[in-house]
Amino acid sequence: MDDRDVPVWPLIRGLTEHDRNELLGMGRRRRYRRDEVIFHEADRADSVHLIERGHVASCAFIETGETVTYRVFGPGDTFGLLALQSGVARRYGTTIALDEVVTLVIDAEHLRSRCLGNAAMGQVLIDLLATEVRAFAAALVEALFVPVEVRVLRRLTALAHLYGHGEAGTVIPLTQEGLAGLAGTSRASVSKVLKGLEEANIVERRRSAVFVADPEALAWAATHAPRGSLSPP
């Protein structure tokens, strides 16, 4: 793999060139079409995915029978880390390609064995897992104590950053239900926030997507929403 094509995955950050090439050499490239399921909830977890290109969403079924989106990953992200636990692990959620996706798939058993035998690789893996735990803890605290409007704005801001801002703006290909799952709220609450952002000419609601026309104003709103304004002065 050409160095120019290698995203800065946390799993290889800080490794020597030899260790990095060895780890990446363990993987096989897989391609997925838009809306293709990468794996289903309760499938046997036997691999870890490193995203080269595209975006994926992780979804879970809840007791009401609904499906909620709880995480979106993009280039440079790693998903499927539960496969690294010992014994027979099962996938927690269903992960779906949101667009054309390319991942580097690494066998979990091989990765675990290699990291146990290499202190540097093992430390990188520990740091990555610790970062994931910290992120989930922060998300839990946010869901419990941060106002709904702020949560929606933060998720939109994070998604706009993940998808990047082109000259014509950023299209986030998620439904309002998907955004509601990420923010831990209802579709009605998301719709209310999006309406306010539309009135401020920051976003535009589209079919199964949100167009972000002004990501800087969106980021400002995510910081200042508790003060009662969605638009910079």
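My aim in this report is to walk through the structure given alongside it, one point at a time. (Residues numbered from 1 in each chain as written. Predicted model: local features only at pLDDT ≥ 70, side-chain atom pairs only at ≥ 80, totals over all residues. Heavy atoms only, no water.)

1. Re the overall build of the chain
Link 1 in the chain: The helix and strand inventory of the chain stands at 7 helices and 11 strands.
Link 2 in the chain: Taken over the C-alpha trace, the chain has a radius of gyration of 19 Å; the compact-globule value for 233 residues is 17 Å, and the two agree within 12%.
Link 3 in the chain: In terms of principal-axis extent, the alpha carbons of the chain reach across some 55 × 40 × 35 Å.
Link 4 in the chain: Here the chain holds 233 residues, and 42% of them are scored as buried.
Link 5 in the chain: When the accessible surface of the chain is summed, it comes to about 12,700 Å², and 52% of that surface belongs to carbon and sulfur atoms.
Link 6 in the chain: Where the 27 positive side-chain charges of the chain centre and where its 30 negative ones centre are 2 Å apart. (Helix = DSSP H or I, 4+ residues; strand = E, 2+ residues; numbered from the N terminus. Rg over C-alpha atoms; globule rule 2.2 N^0.38 Å. Buried < 20%, exposed > 50% of the residue type's maximum accessible area, 1.4 Å probe, protein only. Areas by Shrake-Rupley, 256 points an atom, 1.4 Å probe, with all protein chains shown as cover. Lys, Arg positive; Asp, Glu negative; His and termini not counted. Charge placed at Lys NZ, Arg CZ, Asp CG, Glu CD.)

2. With respect to the pattern of salt bridges
Between side chains of opposite charge, a pair can form as their charged atoms come close.
Link 1 in the chain: Under the defined criterion, the tally for this structure stands at 10 salt bridges.
Link 2 in the chain: A salt bridge links Arg29 to Glu52; its shortest N-O distance comes to 3.1 Å. Residue Arg29 is found in strand β1 (residues 28-32), and its partner Glu52 is found in strand β3 (residues 47-53); the two are separated by 23 residues along the sequence.
Link 3 in the chain: Exposure remark for Glu52: the relative accessible area of 18% places this residue in the buried category.
Link 4 in the chain: As a salt-bridge pair, Glu36 and Arg33 come within 3.9 Å of each other at their nearest N and O atoms.
Link 5 in the chain: Note on Glu36: relative accessible area 22%, which makes it partly exposed.
Link 6 in the chain: Through salt bridges with shared partners, a single network forms among Glu142, Arg154 and Arg155. (Salt bridge = Lys/Arg side-chain N within 4 Å of Asp/Glu carboxyl O.)

3. Quick word on the nonpolar core
Link 1 in the chain: Formed by 31 residues in total, the largest nonpolar core has its most connected members in Leu153, Leu156, Leu174, Leu179, Leu194, Leu197 and Leu218.
Link 2 in the chain: Within the residue set of this core, elements represented by two or more residues are β4 (56-61), α4 (148-163), α5 (176-183), α6 (187-199), β11 (209-212) and α7 (215-224).
Link 3 in the chain: Looking at this core, the element that brings in the most residues is α4, giving 7 residues.
Link 4 in the chain: Beyond its immediate chain neighbours, meaning those up to four positions away, Leu156 contacts Ile172, Leu179, Leu194, Leu197, Val210 and Leu218.
Link 5 in the chain: Core analysis: the next-biggest nonpolar cluster, separate from the first, contains 22 residues, Trp9, Leu81, Leu111 and Val124 among them. (Core = buried A, V, L, I, M, F, W, Y, C linked by side-chain atoms within 4.5 Å. Contact = heavy atoms within 4.5 Å.)

4. What to know about the packing of α4 against α6
In helix packing, the relevant descriptors are the interaxial angle and the interaxial distance, both defined with respect to the helix axes.
Link 1 in the chain: Put simply, α4 and α6 touch, their axes get as near as 10 Å, and they point 70 degrees apart. Considering their axes alone, α4 and α6 lie roughly perpendicular with respect to each other. The element α4 and its partner α6 pack so that their crossing is right-handed. Facing α4, whose interface residues are Val148, Glu149, Val152, Leu153 and Leu156, α6 presents Ser189, Val190, Val193, Leu194 and Leu197. (Axes fitted to C-alpha atoms, helices over the stretch in contact; angles between N-to-C directions. Parallel < 35°, antiparallel > 145°, perpendicular 65-115°, else oblique. Left-handed = near helix turned anticlockwise from the far one by under 90°.)

5. Concerning the packing of aromatic side chains
Link 1 in the chain: Scanning all chains against the criterion turns up 3 aromatic pairs.
Link 2 in the chain: Measuring from centroid to centroid gives 6.0 Å for Phe39 and Phe79, while their planes differ by 40 degrees, and the two rings are tilted. One end of the pair, Phe39, is in strand β2 (residues 37-39); the other, Phe79, is in strand β6 (residues 78-79), with 40 residues separating them in the sequence.
Link 3 in the chain: Look at Phe79 and you get buried, because its relative accessible area is 2%.
Link 4 in the chain: Grouped by ring-pair contacts, the aromatic residues Phe39, Phe73 and Phe79 constitute a single cluster.
Link 5 in the chain: Lying over the aromatic face of Phe136, Arg71 brings its terminal NZ or CZ to 5.4 Å of the ring centre.
Link 6 in the chain: For the cation-ring pair, Arg206 lies above Phe211, with the distance from its terminal atom to the ring centre recorded as 4.3 Å. (Phe/Tyr/Trp six-rings, centres within 6.5 Å; stacked < 30°, edge-to-face > 60°. Lys NZ or Arg CZ within 6 Å of the ring centre and 35° of its normal.)

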